[in-house]
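Residue-level structure breakdown
Residue strings, one per chain:
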Amino acid sequence: MSTAHHPRKSPLPDCELRQRDPDLSTCVGREQVVLVGLDETEQRLCPAHAAALWLTDPTLRFSAKTRPEGISAVMGYAFGGGGGRR
């Protein structure tokens, strides 16, 4: 039996995984958002990218894995509030 410690970090958002140069990241926001498509495929995104996708694809829904703070941040970016706490 192994006693090795495995970190419990969340996986990188899909938008970060596609980013080649970390110095040029376009991701905004700290909360991780999980959107689910009709085919049950999950996409892990930052709030800014999630807002852009959610507004353009009406079939996407928030997963129960997304914390309320993440959904709030997406709504802020989607409707002009900037996504942050005020």
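Above this note sits the structure.
Residues numbered from 1 in each chain as written. Predicted model: local features only at pLDDT ≥ 70, side-chain atom pairs only at ≥ 80, totals over all residues. Heavy atoms only, no water.

Points about the packing of aromatic side chains
For any pair of aromatic rings, the description consists of the separation of the ring centres together with the inter-plane angle of the planes. Enumeration over the complete set of coordinates arrives at two aromatic pairs. Look at Trp54 and Phe62: their rings are 5.9 Å apart centre to centre, the planes differ by 40°, and that puts the pair in the tilted class. Relative accessible area serves as the criterion here: at 24%, Trp54 is assigned to the partly exposed category. On the accessibility criterion, Phe62 (19% relative accessible area) is buried. Ring geometry for Trp54 against Phe79: centres 6.1 Å apart, planes inclined by 90°, an arrangement best described as edge-to-face. On the criterion of sequence distance, the pair formed by Trp54 in helix H2 (residues 47–56) and Phe79 in the segment after helix H3 (68–78) is long-range, its members being 25 residues apart. (Phe/Tyr/Trp six-rings, centres within 6.5 Å; stacked < 30°, edge-to-face > 60°. Buried < 20%, exposed > 50% of the residue type's maximum accessible area, 1.4 Å probe, protein only. Helix = DSSP H or I, 4+ residues; strand = E, 2+ residues; numbered from the N terminus.)

Here's the deal with the pattern of salt bridges
Tallied over the full model, the rule gives four salt bridges. For the salt bridge of Arg44 with Glu42, the shortest nitrogen-to-oxygen distance reads 3.7 Å. On the basis of relative accessible area, Arg44 is assigned to the partly exposed category, the value being 22%. For Glu42, a relative accessible area of 31% translates into the label partly exposed. As a salt-bridge pair, Lys65 and Glu42 come within 2.9 Å of each other at their nearest N and O atoms. With Lys65 in the loop between strand S3 (61–62) and H3 and Glu42 in strand S2 (residues 42–45), the pair connects residues that are 23 residues apart, well separated along the chain. Residues participating in the shared-partner salt-bridge network are Glu42, Arg44 and Lys65. (Salt bridge = Lys/Arg side-chain N within 4 Å of Asp/Glu carboxyl O.)

Details of the sheet that holds S3
An order of S2-S1-S3 is seen for the three strands of this open sheet, with the pairing classed as antiparallel. Whereas interior strands pair on both sides, the edge strands pair on one side only; in this sheet they are S2 and S3. Pairing of strand S1 (residues 33–36) with S3, which is carried by two bridges, proceeds in the antiparallel orientation. In the sheet register, Leu35 faces S3, and the bridge partner there is Phe62. (Pairing = 2+ DSSP bridges.)

Focus: the pairing of S2
With four bridges joining them, S1 and S2 adopt antiparallel strand pairing. Its bridge partner lying in S2, Val36 is registered against Glu42. Connecting S1 to the antiparallel partner S2 that follows it, the hairpin turn spans five residues, and Glu40 within it adopts a positive phi of roughly 70°.

Scope: geometric values only; no functional claims are made or implied.
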